[in-house]
Amino acid sequence: MVRNVASVMTELETEDFYLLSGVEQGMRFSEWVNRKKLPKNSGLTEEDVEYRLDRCMSRDLVERKTIQYEGFKLTLAGYDVLALRTFAQRDTIQGFGSPLGVGKESDVFEVQSFKPLALKFHREGYTNFREVRRERDYTSENRHVSWLYTARKAAEREYEALEELFPKVSVPRPVDQNRHAIVMAKLDGVELAKSRLESAQVTGVLDLILDEMATAYEAGYVHADMSEYNVAVSSNGITIFDWPQAVPTDHENARELLARDVKNIVGYFNRKYPAEMPDDIDFEEVANAVAANEFERIGLHTT
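Residues numbered from 1 in each chain as written. Predicted model: local features only at pLDDT ≥ 70, side-chain atom pairs only at ≥ 80, totals over all residues. Heavy atoms only, no water.

Caption draft 1: The side chain of arginine 179, seen in detail. The residue arginine 179 is located in the loop between β7 (174-178) and β8 (181-185) in this model. For arginine 179, the residues in contact, after removing those within four places along its chain, are Glu24, Tyr79, Leu82, Ala83, Thr86, Arg152 and Ala155. (Helix = DSSP H or I, 4+ residues; strand = E, 2+ residues; numbered from the N terminus. Contact = heavy atoms within 4.5 Å.)

Here is the structure:
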């Protein structure tokens, strides 16, 4: 876990980070890095590489495998350590708090800075690399990428989207990004899937979500993975999070993805709150209206 990695960092020496960076560099070209390449990659002597490998393996930061050659690769913990060191050097974070959420494609933790923030580690591709590489457009054409590339690219794309959208759209405020990790403002409220809205709140909350989707589209982005699991609801409104699959509105599939997003989120409200929802909603009509930022004409707005 990341909190254990944070404690390991106090035991590491500068040369350990050189070794980890050398393994990372080699993984740009292959999953396993030939032992013979590590002195050049890390800038360490043969003897020091051997010593640092032992230290890092004992802390589960690198893995070793004897294949056609002696090879090494970073573990999740090893990659986390490199990102954490960069954030510490930038004074982005000073300490760790509790886990905020652990999922298939990301782990989120509270961190301390000038105020409590959230640290998100992307995990895309670590356990299901082939599936993610096939599905994500930023990896599908690159046959040589590793899970490091996939996770880093996801973090970069999400951070770019947050920077473009905040504060026009209600998304987490971006603070910093390095490798596969993002530091951002903590979410306010509870996940929509875990909430139970009062009858009078249902269409109002849906209106807020569609409003934010329309503003995001106007700002140039489609979320492309909308569901009840990436919307937070609070007394202050709603926040849409998890943007690594976002696409620009000039993407060839942008309108198709917007229609899918609308169908996912409106469909959720239809299933959970059928008595409060209008009858016979035309998802395609709603998607077109969201794209034009004119969906109040359909009658979903309460004001």
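That shown, we press on.
Caption draft 2: Fine view of the sheet that holds strand β9 (residues 190-191). Taken together, 3 strands build an open sheet; the order of strands is β9-β11-β12 and the sheet is antiparallel. One side of each edge strand has no neighbouring strand; the edge strands of this open sheet are β9 and β12 (237-240). As defined by bridge partners, strand β11 (residues 231-234) adjoins β12 across 4 bridges and the pair is classed as antiparallel. The partner of alanine 232 across the bridge, within β12, is threonine 239. The sheet strands contacting helix α8 (residues 202-219) are β11 and β12, and the helix crosses β12 at an angle near 45 degrees. (Pairing = 2+ DSSP bridges. Axes fitted to C-alpha atoms, helices over the stretch in contact; angles between N-to-C directions.)

Caption draft 3: Fine view of the sheet that holds strand β1 (residues 33-34). Judged by pairing direction, the sheet is antiparallel, and its 3 strands sit side by side in the order β1-β3-β2 without closing on themselves. Here the strands that pair on one side only, and so sit at the sheet edges, are β1 and β2 (62-66). The sheet strands contacting helix α2 (residues 14-26) are β1, β2 and β3 (70-74), and the helix crosses β3 at an angle near 100 degrees.

Caption draft 4: Broad picture of the pattern of salt bridges. One pass over the full model with this rule turns up 18 salt bridges. For glutamate 13, the salt bridge is made with arginine 52, and the minimal N-O distance between the two is 2.5 Å. In this pair, glutamate 13 sits in the loop between α1 (2-9) and α2 while arginine 52 sits in helix α4 (residues 46-58), placing the two residues 39 residues apart along the sequence. Residue arginine 52 is classed as buried on the basis of its relative accessible area, which comes to 6%. For aspartate 176, the salt bridge is made with arginine 90, and the minimal N-O distance between the two is 2.8 Å. Linking aspartate 176 in strand β7 with arginine 90 in the loop between α5 (76-89) and β4 (95-102), this pair joins segments that are 86 residues apart in sequence. Exposure remark for arginine 90: the relative accessible area of 42% places this residue in the partly exposed category. A network of salt bridges, in which partner residues are shared, links Glu13, Glu15, Asp16, Asp48, Arg52 and Arg55. (Salt bridge = Lys/Arg side-chain N within 4 Å of Asp/Glu carboxyl O. Buried < 20%, exposed > 50% of the residue type's maximum accessible area, 1.4 Å probe, protein only.)

Caption draft 5: Representation of α4 in the model. Compared with the 18 Å implied by 1.5 Å per residue over 13 residues, the 19 Å span of α4 between its first and last C-alpha is a close match. Considered for burial, the residues of α4 that qualify are Val49, Arg52, Leu53, Arg55 and Cys56. Buried residues of α4, seen end-on, are gathered within an arc of 165 degrees and therefore sit on one face of the element. Projecting away from the buried face of α4 at angles above 90 degrees are the exposed residues Glu47 and Ser58. Buried residues along α4 sit against α2, α3 (38-42), β2 and β3. (Expected span 1.5 Å × (residues − 1). Arc of directions from axis to C-beta.)

Caption draft 6: Focus on the packing of aromatic side chains. One pass over the full model with this rule turns up 3 aromatic pairs. Centre to centre, the rings of tyrosine 79 and tryptophan 147 are 5.7 Å apart; their planes meet at 90 degrees, and the pair counts as edge-to-face. With tyrosine 79 in helix α5 and tryptophan 147 in helix α7 (residues 147-165), this pair connects stretches of sequence that are 68 residues apart. The exposure class assigned to tryptophan 147 is buried, which follows from its relative accessible area of 8%. Geometrically, the ring pair formed by tyrosine 268 and phenylalanine 269 is edge-to-face, given 5.6 Å between the ring centres and 85 degrees between the ring planes. For the pair formed by tyrosine 268 and phenylalanine 269, the shared burial category is buried. Each residue in the set Tyr268, Phe269 and Tyr273 is aromatic and connected to the rest through ring pairs, giving one cluster. Sitting above the plane of the phenylalanine 17 ring, arginine 85 keeps its charged end 4.3 Å from the centroid. (Phe/Tyr/Trp six-rings, centres within 6.5 Å; stacked < 30°, edge-to-face > 60°. Lys NZ or Arg CZ within 6 Å of the ring centre and 35° of its normal.)

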